[in-house]
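# Inside the fold
Here is what each chain is made of, one letter per residue.
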Amino acid sequence: MASTKPAVDYSLYLVTGRELLPQGKDYLESLEESIKGGVTVVQIREKNADTGEFLRIARDSKAICRKYNIPILINDRIDIALAIGADGVHIGQSDMPVDIARSLLPPNAIIGMTCNTPEHVRKAVQDGVDYVGLGPVWATQTKKVAHPVIGVRGLGDMLDVLHGTDVRAVAIAGIKSTNVLHCLHGSVSPAGRPLDGVAVVSDIVASTDPFNAAKRLATIIQAFKAVPPPTFSLSPAPYAIEAFKHGVGELLTAVKKSSPLVHQITNTVVTTQSANATLALGASPIMATAPEEMSDLSKAAGALLVNFGTIQNLDGMLAAGFNFNLNRKPVVFDPVGVGATQYRRTSAAALLNAWQPTVIKGNAAELGALANSTEVQAKGVDSVGSGFADPAAFVRNLARKERAIIVLTGVKDYVSDGTVVVRLSNGHPLLGEITGSGCMVGTAVATFCAGASFQAASYRGPDATEDAKLVRGDMLVAAVGGVLAVTIASEFAAARPDVNGSGTFLPAFIDELGALTPEKLGEYAKVEVL
């Protein structure tokens, strides 16, 4: 064991599991290749080995780790850690208490602990651990877990407990190269505390090419950690009103120029008018729901809208969001009526832990239900009452918690990235008299997000390095643009002499969406930056 406590980079924390090795792959060869690929710390876990075998594996593993100056930790077994002079141990909630482990180990030993709740984290901090393993984030076959899966969204509450401490944190369970960026992005606490790393087992150990498996993970993790936790906007750069108006106009031009495919899994009640609204804005709609199509569609489409007003294919929604995250494409989530039933609430939680939304759009009751707020009540898909006392603070806080752009619709609309809050005051009462006007806002936001993504891609060279962004482009401006497109078009439609009520308003509204120009948006937009 080192004479002083080693400085540990927890970025890519490998937990071994010899039972996962591919046929013919040597354990020590796999370990060395993974370290060369970017593993920064190793934990030796041998749940089924007897003491003699565990000791031999640990000694041989230590020799390789020392060759590359990589810290080595032992899972559970303090006797093995002492016998080989490991750098420390990792213990679980039901293992030896931290104070006893600390008394047996040298003072420079690293002690980590698995934590499944904020209370576990508080106790671990009080006990003086060096790091915590937070999870399980996802279900895993490599270890039977005694505690429920907490999901990515559950990590933020635990990281908040660590704010202001020196205790490090890694996420554990089910983490792979295909979901690591979602885990890193979505887990940042409302106070801005990110993970220090992720623990990985099967994605590396079970690979026939552990070097490249580790390299894929390490490249993403290091790029994410190289800059402050990214948002889906340009914050903390300041935003001005005229910049919003100009940016929205540019995105409308980008949509009309690129005619992006906008994939929509949406409310069956509004499928036709949502498709027509997409076409009117200059994009192309596709309304596919089969899970088997999502991998291909996510490569072709510019953005995804998931609206579960009529939840008919949850598997399709789960697969769609995952694949759009994988391809770094915007995902707009419209949790219609989420507070109305327990099934909707659990479905929303499943979706938000399976993939990271870029934008979450809803009325006061829907967003209140997501935030577990009782300030606004729901009646079916509608809000009841006067809304939030401080809507600007609400959207800012929810954006920080969900790590997404939040769009709160109402008489006045509020949009936030967690730093900037924008209030929009366009619209006409006739929007509330037609079915699906809120759903079409989701469609318009997704369309503008596709334009922003296309615009960003046009600026990015083919040899650009990894930037660890789930989505590229200014999605705050895109969300503002989608709301303004609907509300400004509604004002023009209502003013037409051929509109006599809701029946004649809808076709006129679609016409006016198609007649929008950057100049119209800039001239008529009622925008305030709060």
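These remarks concern the structure in this document. In this text the structure is predicted, and so the values were computed from the model without any measurement. (Residues numbered from 1 in each chain as written. Predicted model: local features only at pLDDT ≥ 70, side-chain atom pairs only at ≥ 80, totals over all residues. Heavy atoms only, no water.)

This part takes up the sheet that holds strand S17 (residues 413–416). As summarised here, the arrangement of the 9 strands in space is S10-S9-S11-S12-S13-S16-S17-S18-S19, forming an open sheet in which the pairing is mixed. This sheet does not close on itself; its edge strands, each paired only once, are strand S10 (284–286) and strand S19 (527–529). For this sheet the average axis-to-axis angle between neighbouring strands, irrespective of direction, equals 20 degrees. Both strand S13 (residues 359–362) and strand S16 (residues 405–408) contribute to a ladder of 4 bridges, which runs parallel. Its bridge partner being in S16, Val359 is matched across the sheet by Ile405. Across the face of the sheet, helix H10 (residues 241–258) comes into contact with strand S18 (421–424) and S19 while running at roughly 130 degrees to S19. Across the sheet, helix H17 (residues 437–459) lies against strand S9 (261–265), strand S11 (303–307), strand S12 (331–334) and S13, angled at about 160 degrees from S11, the strand it touches most. (Pairing = 2+ DSSP bridges. Helix = DSSP H or I, 4+ residues; strand = E, 2+ residues; numbered from the N terminus. Axes fitted to C-alpha atoms, helices over the stretch in contact; angles between N-to-C directions. Contact = heavy atoms within 4.5 Å.)

Ranked by internal contacts, the top residues of the largest apolar core, which has 129 residues, are Leu12, Leu134, Val198, Phe509 and Leu513. Ranked by the residues each element gives to this core, the list is headed by helix H18 (residues 475–494), at 13 residues. Judged by nonpolar contacts, the second largest core, of 36 residues, contains Val306, Ile311, Ile360 and Val395. (Core = buried A, V, L, I, M, F, W, Y, C linked by side-chain atoms within 4.5 Å. Buried < 20%, exposed > 50% of the residue type's maximum accessible area, 1.4 Å probe, protein only.)

Moving on, we come to the side chain of His182. Take His182: it is sitting in helix H7 (residues 180–187). Given a relative accessible area of 4%, His182 falls into the buried group. When neighbours within four sequence positions are excluded, His182 is seen to be in contact with Trp138, Val152, Ser187, Asn325, Leu352, Asn353, Ala354, Trp355, Gln356 and Leu470.

Take Asp417: it is sitting in the loop between S17 and S18. A distance of 2.5 Å separates polar atoms of two side chains, one belonging to Asp417 and the other to Ser233. A polar contact is formed between the side chain of Asp417 and the backbone nitrogen of Thr419, at a distance of 2.8 Å. Residues within four places of Asp417 in sequence aside, it is in contact with Thr231, Ser233, Ser235, Ala399, Ile405 and Leu476. (Polar contact = N/O pair within 3.5 Å; in protein donor to acceptor, adjacent residues only side chain to side chain.)

Relative to the helices and strands, Val41 resides in strand S2 (residues 41–44). As for Val41 and Ala354, which are separated by 313 residues in sequence, their C-alpha atoms are 27 Å apart. Dropping the residues within four chain positions of it, Val41 is found in contact with Val8, Asp9, Tyr10, Leu12, Tyr13, Leu14, Ile70, Pro71 and Leu73.

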